[in-house]
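Fold and geometry: a report
Chain by chain, the residues:
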Amino acid sequence: MSLTFSIIKPDATKRNITGSINELIEKNGLRIIAQKRIKLTNKQAEQFYDVHNDKPFFRDLIEYMTSEPVVVQVLSSDNAVKKYREVMGATNPDNAADGTIRKLFALNVQENSVHGSDSEENAKKEIEFFFNENEIVG
Ligand code: IDP
Ligand code: MG
């Protein structure tokens, strides 16, 4: 079993579809072993997305990610990082495969409903950024 980090993003909490997204996560064999609803501060969002700080969409991304609550999660399965990226679908919902979270729920390339770690190394970093060990119950 391995772990990945997930965020249900503001467009989804705003539309009250966190349960529908969790249902897809679970139906696809991922187990939610930690979860909390929080409102990101500007500082948290900027730190979390620091890798994108030179992108033209960075300021908009920070504004969006702090606009409404988010649900941060730790997910567990075999090959969790890879599996969740598949379940999420492509960044731009226009390119996302049928049945993926982004195909079903995303509004556009920014408001794309979920985040998932892109590597084992980043999964570990991102989980540690938001969760204490005693909050993760596998
Ligand atoms: P990912 O979430 O699929 O890993 P990244 O390239 O890491 O995609 O981008 C992080 C987030 O930044 C995306 O999920 C999306 O919310 C936003 N984003 C990415 N590309 C664009 C863009 O071209 N325009 C606006 N927002 C974008
Ligand atoms: Mg990414």
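Report follows, based on the coordinates. Think of each chain on its own: its residues are numbered from 1, step by step along the sequence as written. Written order determines the labels here, with chains lettered from A and ligands numbered from 1. With pLDDT at 70 or above as the cut-off, local features in this predicted model cover only qualifying residues; side-chain atom pairs require 80 or more to be listed or tallied, and sums for whole chains, interfaces and linings still use all residues. For the side-chain quantities, the full set of heavy atoms in the structure was used; hydrogens and water were omitted.

Brief notes about the sheet that holds strand S4 (residues 114–116)
At least two bridges found by DSSP between two strands is the condition for calling them paired. Helical segments are the DSSP runs of H or I of at least four residues, strand segments are the runs of E of at least two, and each set is numbered from the N terminus. Taken in spatial order, the four strands of this open sheet run S2-S3-S1-S4, and their pairing is antiparallel. Each edge of the open sheet carries a strand with a single partner, namely strand S2 (31–38) and S4. Strand-to-strand twist of the sheet, defined as the mean angle between neighbouring strand axes without regard to direction, takes the value 20°. Pairing geometry for S2 and strand S3 (residues 70–77), over seven bridges, is antiparallel. Along S3, the bridge assignment pairs alanine 34 with valine 74. Convention adopted: a line fitted to C-alpha atoms gives each axis, helices being fitted over their contacting stretch, and angles between N-to-C directions are expressed from 0 to 180 degrees.

Remarks on helix H2 (residues 18–27)
Burial status follows relative accessibility: with a 1.4 Å probe on protein chains alone, a residue under 20% of its type maximum counts as buried, one over 50% as exposed, and anything between as partly exposed. Every buried residue of H2 is listed here: Ile21, Asn22, Leu24 and Ile25. Buried residues of H2, viewed axially, fall in a sector of 160°; they line one side. Where H2 terminates, the next one or two residues include glycine 29, which has phi positive at roughly 90°. Here, the arc refers to the directions that run from the helix axis to the C-beta atoms.

Things to note about the layout of surface pockets
Think of a 1 Å grid over the protein atoms and nothing else: a 1.4 Å probe that fits but is trapped marks a cavity, an open set flanked by protein within 12 Å on at least five of seven lines marks a pocket, and residues with an atom within 4 Å of a point count as lining. Grid points are joined across faces, edges and corners, and a volume is the space filled by probe spheres set on the points. Volume-wise, the largest pocket comes out at about 670 Å³. Lining the largest pocket are 23 residues, with Phe48, Tyr49, Val51, His52 and His115 positioned closest to its centre. Secondary-structure elements contributing two or more residues to the lining of the largest pocket are helix H3 (42–48), S4 and helix H7 (120–130). When residues of the lining of the largest pocket are assigned to their parent elements, the largest contribution, four residues, is made by H7. For the lining of the largest pocket, the per-class residue count stands at eight nonpolar, eight polar and seven charged. Residues were grouped as follows: Ala, Val, Leu, Ile, Met, Phe, Trp, Tyr, Cys and Pro as nonpolar; Asp, Glu, Lys and Arg as charged; and all remaining residues, including Gly, as polar.

A few points about the site of ligand 1
Neighbouring residues of ligand 1: Lys9, Tyr49, His52, Phe57, Leu61, Arg85, Thr91, Arg102, Val109, Gln110 and Asn112. The separation between an oxygen atom of ligand 1 and a polar side-chain atom of histidine 52 is 2.9 Å. Here a polar contact means two N or O atoms within 3.5 Å. Within protein one must be a hydrogen donor candidate and the other an acceptor candidate, and residues neighboring in sequence count only if both atoms are side-chain atoms. Separating an oxygen atom of ligand 1 from a side-chain N or O atom of asparagine 112 is a distance of 2.9 Å. Of the residues belonging to the shell around ligand 1, the class tally is four nonpolar, four polar and three charged. Definition of nearness: a residue and a molecule or strand are near each other if at least one heavy atom of the residue lies within 4 Å of the molecule or strand.

What to know about the nonpolar core
As a rule of thumb, nonpolar side chains are buried together in soluble globular proteins. Put simply, buried Ala, Val, Leu, Ile, Met, Phe, Trp, Tyr and Cys residues joined by side-chain atoms within 4.5 Å make one nonpolar core. Membership of the largest hydrophobic core comes to 19 residues, with the highest contact counts inside it found for Phe5, Ile7, Tyr49, Met65, Val72, Phe130 and Phe131. Where this core is concerned, the elements lending two or more residues are strand S1 (2–8), S2, H3, helix H4 (58–65), S3 and H7. Per-element tally for this core: the top contributor is H4, with five residues.

Details of the packing of aromatic side chains
Pairs were defined over the aromatic rings of Phe, Tyr and Trp, the Trp ring being its six-membered one, requiring ring centres within 6.5 Å. Orientation was assigned from the angle between planes: stacked under 30 degrees, edge-to-face over 60, tilted for the rest. Evaluated as defined, the whole model comprises six aromatic pairs. Ring centres 5.2 Å apart and planes at 5° place the aromatic pair phenylalanine 5 and phenylalanine 130 in the stacked group. With phenylalanine 5 in strand S1 and phenylalanine 130 in helix H7, the pair connects residues that are 125 residues apart, well separated along the chain. Exposure remark for phenylalanine 5: the relative accessible area of 0% places this residue in the buried category. Between phenylalanine 48 and tyrosine 49 the ring centres are 5.0 Å apart and the planes differ by 85°, which places this aromatic pair in the edge-to-face class. The rings of Phe5, Phe48, Tyr49, Phe129 and Phe130 are connected pair by pair, giving a single aromatic cluster.

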